[in-house]
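# Structure at a glance
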Amino acid sequence: MTAFDQVGRVALVTGAGSPSGIGLATARLLGSLDATVVIAATTDRVHVRVEELRREGIAASGHVGDLTDATAARDLVRSCIDAHGRLDVLVANAGMTSAAEPDTLGGDAARTDPERWHRSLARNLDTAYLVSRAALPHLRASGEGRLVLVSSVTGGVMAMRGEVAYATAKAGLLGLARALAVDEGQHGTTVNAVAPGWVATGSQTDDEAREGRATPLGRSGTAAEVAAAVAFLASRESSYVTGQVLVVDGGNGVAEQRSPRTD
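Residues numbered from 1 in each chain as written. Predicted model: local features only at pLDDT ≥ 70, side-chain atom pairs only at ≥ 80, totals over all residues. Heavy atoms only, no water.

## A word on the pairing of strand β5 (residues 146-150)
A regular strand places its side chains so that they alternate between the two faces of the sheet. Of all five residues in β5, five are buried, a share of seventy percent or more. The two faces of β5 match: R146, V148 and V150 on one face and L147 and L149 on the other face are all buried. Sheet topology note: the strand β4 (residues 89-92)/β5 ladder contains four bridges and is parallel. If you follow V91 over to β5, its bridge partner there is V148. Where β5 meets strand β6 (residues 190-196), five bridges bridge the pair, whose relative direction is parallel. Within the sheet, the bridge partner assigned to L147 lies in β6 and is V191. (Buried < 20%, exposed > 50% of the residue type's maximum accessible area, 1.4 Å probe, protein only. Helix = DSSP H or I, 4+ residues; strand = E, 2+ residues; numbered from the N terminus. Pairing = 2+ DSSP bridges.)

## Regarding the nonpolar core
Among the nonpolar cores identified, the biggest contains 31 residues, and V13, L30, V37, I39, L53, V91 and V194 are the most heavily contacted of them. Elements represented by at least two residues in this core include exactly β1 (10-13), α1 (22-32), β2 (36-41), α2 (45-55), β4, β5 and α8 (223-233). Sort the elements by how many residues they give to this core and α8 lands first, with seven residues. For V91, the contacting residues outside a window of four places in its chain are L12, V13, T14, T26, L30, V148, V150 and V230. Formed by 30 residues, the second largest nonpolar core is a distinct cluster that contains A73, A92, V131 and L174. (Core = buried A, V, L, I, M, F, W, Y, C linked by side-chain atoms within 4.5 Å. Contact = heavy atoms within 4.5 Å.)

## Observations regarding the packing of α1 against α8
Between α1 and α8, the least distance of the axes is 8 Å, while the angle of their chain directions is 55°. In terms of axis orientation, α1 runs oblique to α8. For the pair α1 and α8, the sense of crossing is right-handed. For the pair α1 and α8, contact is made by I22, A25, T26, L29 and L30 and by A223, A224, V226, A227, A228, V230 and A231, respectively. (Axes fitted to C-alpha atoms, helices over the stretch in contact; angles between N-to-C directions. Parallel < 35°, antiparallel > 145°, perpendicular 65-115°, else oblique. Left-handed = near helix turned anticlockwise from the far one by under 90°.)

## Quick word on the pattern of salt bridges
A full pass over the atoms with the stated rule returns twelve salt bridges. Among the salt bridges present, the one from E56 reaches R28, with a minimum N-O distance of 2.9 Å. Placement of E56 in the loop between α2 and β3 (60-64) and of R28 in helix α1 is noted, with a sequence separation of 28 residues between them. Exposure remark for E56: the relative accessible area of 43% places this residue in the partly exposed category. Overall, the relative accessible area of 28% leaves R28 in the partly exposed class. A salt bridge links R49 to E52; its shortest N-O distance comes to 2.9 Å. Of this pair, R49 and E52 both sit in helix α2, three residues apart, roughly one helical turn. (Salt bridge = Lys/Arg side-chain N within 4 Å of Asp/Glu carboxyl O.)

## Details of the sheet that holds β1
Strands sit in the order β3-β2-β1-β4-β5-β6-β7 across an open sheet of seven strands; the sheet is parallel. Across the chains shown, the open sheet's two edge strands, defined by having one partner strand only, are β3 and β7 (245-248). Within this sheet the neighbouring strands show an average axis-to-axis angle of 15°, counted without direction. Running at roughly 165° to β6, α8 makes contact with β4, β5, β6 and β7 of the sheet.

## Considerations on helix α6 (residues 164-184)
For α6, spanning 21 residues, the distance from its first C-alpha to its last is 30 Å, which sits close to the expected 30 Å at 1.5 Å a residue. Looking only at α6, the buried set comprises A165, Y166, A167, A169, K170, L173, L174, L176, A177, L180, A181 and E184. Contact partners of the buried residues in α6: α4 (114-142), β5, α5 (153-156), β6 and β7. (Expected span 1.5 Å × (residues − 1).)

## Description of α2
Buried within α2 are the following residues: V46, R49, V50, E52 and L53. For α2, the angular spread of buried residues about the axis comes to 160°, placing them on one side. Positive backbone phi, approximately 85°, marks G57, located one or two places after α2. (Arc of directions from axis to C-beta.)

## Some words on the packing of helix α3 (residues 70-84) against α4
Their axes nearest at 8 Å, the elements α3 and α4 cross at an angle of 35°. By crossing handedness, the relation of α3 to α4 is classed as right-handed. The residues of α4 that touch α3, namely those facing A70, A73, R74, L76, V77, R78 and I81, are L130, V131, A134, A135 and H138. Of the residues assigned to the contact of α3 with α4, the class counts are nine nonpolar, one polar and two charged. (Nonpolar A, V, L, I, M, F, W, Y, C, P; charged D, E, K, R; others polar.)

## Digging into the environment of F4
For F4, the position within the fold is in the segment before β1. Residue F4 is classed as partly exposed on the basis of its relative accessible area, which comes to 31%. Sequence separation of F4 and L233 is 229 residues, and the distance between their C-alpha atoms is 8.8 Å. Setting aside its immediate chain neighbours within four residues, F4 contacts L33, A228, A231, F232, S235 and E237.

Here is the structure:
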């Protein structure tokens, strides 16, 4: 048996359009473990990512869609079932940034008007709810379904300045994971979340990279390191882990002192 066994399984990963993001890194790792991967993004760049995966010997297909729309979420899952006949793993990673709408929708309460608030919740929370809802009948049919929601330490563990809507949405994902875990356990489906901290992707700012250097490990994480956590929660071996949040933040959430060491 391969470590984190995915042989013969079909995995759907959303938010996989970025060449340096968590979504693609997760699809690459699951594919290297012998899963067939279906990836989704908001723009046609997802097809470039598919070609990259195929050149690495991974069975992959890609789909474009706005998962804030319930019909698009249903169509994505349906296309996966039509092509492969099953769905065993869903990694709901869509959110935070979007190539189709580069605005990150950040801001404190005063700068986050109701329209901006709802757009952020739609991108960061509704996407996971809608695609999970569409996928759950098929995850149940698998008998060993795995649903992994990509949250964040922002909202679930701590907060940062000027991110009221994002923090709220990401905290909401933890509640969604726990509620679904309780409901879906009877079907053999596990539901968990990962909460990444500072991660060195293409969208990371200089300020964020500087914050990463202040973590106990002294650096930002990599997309591949987050993908490894997702792969465990998506594996057959994680069959007795559900309703949990795996924090991947280099110890940042437990470090009380942030000033540089003097010894």
